[in-house]
Amino acid sequence: MSTAWIWDEKYMWHDTGTGAGPLPAGGWIEPMEHIEGPSAKRRFANLVAASGLLAQLVPVPARRATETDIERVHTRAHRERIAADAATGRGDAGDDSSPFGRESYDIALLAAGGVIAGVDAVFDGVADNAYALVRPPGHHASPETGWGFCIFNNVAVAARYAREVRGAERVAIVDWDVHHGNGTQDAFWNDPSVLTLSIHQDGAYPPGSGALGELGASGAEGTNLNVPLPPGSGHGAYDAVFTEVVEPALRRFAPSLILVASGLDGNGMDPLARQMLHSESFRMMAGRIKALAEELCDGRLVMAHEGGYSPFVVPFCGLAIVEALSGVRTPVVDPFLPAIEGYGQELWPHQAEAVARAAAQVEAVPVAGSGPGAGSGSGPGSGSTLRGS
């Protein structure tokens, strides 16, 4: 297997300013680096290089998404506001907690375009699969606004590009970021050609978002699945989700391409969540989604990096994913693995109940060729108001 690697130094130049965690600095908050700073992602890229794995990947340059690419998902008003605010030197994506600087509009275009470059790589046979280590993240950005550190929805832009430019009949998006992929759900709520499946910590972010029973609009029923897991869920719970939800749902839908919103903030030392995954958990999920891609869509799999805010644990989780994609095992040993493994990784009864409730909804997913998933998309910027947010 060959794996495309999409990375650009400019991603690290997205300027989120100062803050304290997700809050802006000021008042009694002493300034420090904003939590969506470059450290975790830069260290991930550095570990891939230092491990020797980079030399065995296929480098694919990112490109800037065009205005047309962005407006397949986002409204023109949203895109133009981001561009205008960046020109002043400072702006916010939309929730007063997602700051950006003068270069961030262009960098956000480069992030969305990086995931598109991954889609082109797998469709053109440049590589079997791809990992796009992009910044800023994207899965919280809805058609009308950005929020949750996200400006444009990178994975959604790539999905629409795959549908409308590359001719993919059906696209599946699996989101294992620890926070609900609310923007992606919103973008495809009315679109039966895209299956969106979010595995997230129940109630973490956004508040009230990502509940069971949010299955898509009339005509697209069953093409949105949420798996809200209790805080404290670890390897056992996520393994069960893949067995009971992800694998049967994707087999029913039979996508032409699988995209993954690859957030690493479910790790057991992340400051913005309370889940307990470790590097071997991410290796497991990457390996299983890769096997599904090989079974269902000739291996076409593109991962778009999302969250992950522990700069010391994220690199090892990310390296495990890229090792699984490429089939290359490096000599790197994760020094944090023993500690996180010891947190209690088995599937607990209350977690099993949550998985079972989500699994009960898999039968709503349309079977390829017989349900709404065989139809066409609903057009740019057509997402509904988010249910439950």
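Analysis parameters
- Residues numbered from 1 in each chain as written.
- Predicted model: local features only at pLDDT ≥ 70, side-chain atom pairs only at ≥ 80, totals over all residues.
- Heavy atoms only, no water.
- Pairing = 2+ DSSP bridges.
- Helix = DSSP H or I, 4+ residues; strand = E, 2+ residues; numbered from the N terminus.
- Salt bridge = Lys/Arg side-chain N within 4 Å of Asp/Glu carboxyl O.
- Buried < 20%, exposed > 50% of the residue type's maximum accessible area, 1.4 Å probe, protein only.
- Axes fitted to C-alpha atoms, helices over the stretch in contact; angles between N-to-C directions.
- Parallel < 35°, antiparallel > 145°, perpendicular 65-115°, else oblique.
- Left-handed = near helix turned anticlockwise from the far one by under 90°.
- Contact = heavy atoms within 4.5 Å.
- Nonpolar A, V, L, I, M, F, W, Y, C, P; charged D, E, K, R; others polar.

Looking at the sheet that holds strand 4 (residues 32-33)
No. 1: One open sheet holds the three strands; their spatial order is 3-2-4, and the pairing between them is antiparallel. The sheet is open, and its two edges are formed by strand 3 (23-24) and strand 4, each paired on a single side.
No. 2: In terms of strand pairing, strand 2 (residues 18-20) meets strand 3 through two bridges, oriented antiparallel. Pairing of A20 across the sheet is with L23, part of strand 3.

Overview of the pattern of salt bridges
No. 1: Applying the stated criterion across every chain yields a total of 24 salt bridges.
No. 2: Linking R79 and E71 is a salt bridge whose minimum nitrogen-to-oxygen distance equals 2.6 Å. As far as the burial class goes, R79 and E71 line up, both buried.
No. 3: Residue E164 is joined to R72 by a salt bridge in which the shortest nitrogen-to-oxygen separation is 3.6 Å. Of this pair, E164 sits in helix 5 (residues 154-164) while R72 sits in the loop between helix 2 (67-71) and helix 3 (76-88), and the two are 92 residues apart along the sequence.
No. 4: Among the ionic contacts, a cluster of salt bridges with common partners joins E67, E71, R76, R79 and E80.

Focus on the packing of helix 4 (residues 104-123) against helix 5
No. 1: Where helix 4 contacts helix 5, the two axes come as close as 9 Å, and the packing angle between them is 45°. Our classification of the angle between helix 4 and helix 5 gives oblique. Considering only the axes of helix 4 and helix 5, their crossing is right-handed. Together, A108, A111, A112, V115, I116, V119 and D120 of helix 4 and N154, V157, A158, Y161 and A162 of helix 5 make up the contact between the two elements.
No. 2: Of the residues contributing to the contact of helix 4 with helix 5, the split by class is 10 nonpolar, one polar and one charged.

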